[in-house]
Amino acid sequence: MKDVKGKIQTVIGFLVIGFLIFGLVRGCYNRNLADPVTVVTSGRVASPVKNALFWHEKELEKTAFAFSSELSLEESLFIQPLYEDLKATGLVSEQITTMSEIAVEKMIELDAYPDTGTEPDVLEIAEEGGYPYIFEITITEAKGKKNTNDLNSVKYLFSLYDVPNDSILWEAESTRLSGFWGGGMPKGDKLIAALKKHLKEANIIE
């Protein structure tokens, strides 16, 4: 009986070790080798897009407010560098930042926003400013460690709108992951490069 128990414990031990190794390998692959961008709507344009309005919508209602300060770092680590890079390609020429309607409602509930506060209609702004397209970037999810406010991941949705037709031409999503052994969120260089690769494949940028 002791031998049987010992064999069972050995098998369980090997399984646990196997799952741990699998998790480590998968984590390393996802962070370093897997394509971080998934195209959702793969519309292709006839010629590269120019003079789009870069719109960052802060979807605070889909994240934990405990992560708000950490999420603000995404501005400098990823969102602003992405804007500057896309501006250099000619895709975007100006940026605007707003909160979603649900986020505004949440802020009003917390007495952190006036009752009469409303966010501008970005489509109208684009039409009035002569922008034929809007490149929108939205934070749709944020996850962190249970006992701290440190971020583990931030999920993004990227959308390219055709302003005159009020339609989505191209859309993709991606998840930024913190360092495998901790250390916070990395710079956005790799994700920006991967995103640009897909934008080139769709002929959106040259």
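Just so it is clear, the model here is predicted, and its values are computed rather than measured. (Residues numbered from 1 in each chain as written. Predicted model: local features only at pLDDT ≥ 70, side-chain atom pairs only at ≥ 80, totals over all residues. Heavy atoms only, no water.)

The subject of this paragraph is the confidence of the model for the protein chain. Chain-level pLDDT for the protein chain is 81 on average; 75% of the residues reach the 70-or-more range. Mean pLDDT per element in the protein chain: helix H1 (residues 2-32) is the minimum at 52, and helix H5 (residues 189-201) is the maximum at 96. Under a pLDDT of 50 for its full length, residues 18-31 has, in the predicted model, 11 contacts with residues more than four places off or in other chains. (pLDDT = per-residue confidence, 0-100. Helix = DSSP H or I, 4+ residues; strand = E, 2+ residues; numbered from the N terminus. Contact = heavy atoms within 4.5 Å.)

The next point concerns helix H2 (residues 68-89). Taking 1.5 Å as the rise per residue, H2 with 22 residues should run 32 Å; its terminal C-alpha atoms sit 31 Å apart, in good agreement. By the largest-angle criterion, Glu75 marks the main kink of H2, which is about 40 degrees. Within the sequence span of H2, burial applies to Glu70, Leu71, Glu74, Phe78, Ile79, Leu82, Tyr83 and Leu86. Against the buried residues of H2 lie strand S2 (52-58), strand S3 (92-99), strand S4 (133-144), strand S5 (151-162), strand S6 (167-177) and H5. Immediately downstream of H2, the backbone of Gly90 shows phi near 95 degrees, a positive value. (Expected span 1.5 Å × (residues − 1). Bend = angle between axes of the 7 residues up to and from the residue. Buried < 20%, exposed > 50% of the residue type's maximum accessible area, 1.4 Å probe, protein only.)

As a further point, take the side chain of Glu74. If you trace the backbone, Glu74 turns up in helix H2. Dropping the residues within four chain positions of it, Glu74 is found in contact with Ile79, Val154, Tyr156, Arg176 and Met185.

A separate point is the environment of Lys155. Among the structural elements, Lys155 can be located in strand S5. Spatially, the C-alpha atoms of Lys155 and Glu141 are 5.0 Å apart, while their sequence positions differ by 14 residues.

Right, let's get into the nonpolar core. One finds Leu82, Leu91, Phe135 and Ile204 to be the most contacted residues of the largest nonpolar core, which totals 34 residues. Elements that contribute at least two residues to this core include exactly S2, H2, S4, S5, S6 and H5. The element that contributes the greatest number of residues to this core is H2, accounting for 6 residues. Beyond its immediate sequence surroundings of up to four residues, Ile204 is in contact with Val45, Pro48, Val49, Leu91, Leu160, Trp170 and Leu199. Judged by nonpolar contacts, the second largest core, of 8 residues, contains Trp55, Ile96, Ala126 and Ile134. (Core = buried A, V, L, I, M, F, W, Y, C linked by side-chain atoms within 4.5 Å.)

Quick look at the side chain of Thr98 now. Mapped onto the fold, Thr98 is located in strand S3. A polar side-chain atom of Thr98 sits 2.8 Å from a polar atom in the side chain of Trp55. Apart from the residues lying within four places of it in its own chain, the contact partners of Thr98 are Trp55, His56, Glu57, Lys58, Glu119, Pro120 and Val122. (Polar contact = N/O pair within 3.5 Å; in protein donor to acceptor, adjacent residues only side chain to side chain.)

Evaluation of the coordinates by the stated rule reveals 6 aromatic pairs. Relative to Phe158, the ring of Phe78 has its centre 6.3 Å away and its plane inclined at 75 degrees; by these criteria the two rings are edge-to-face. With a gap of 80 residues between them, Phe78 in helix H2 and Phe158 in strand S5 connect regions that are remote in the sequence. Here Phe78 and Phe158 have matching classes, each one buried. Members of the aromatic cluster, joined through ring pairs, are Phe54, Phe78, Tyr83, Phe135, Tyr156 and Phe158. (Phe/Tyr/Trp six-rings, centres within 6.5 Å; stacked < 30°, edge-to-face > 60°.)

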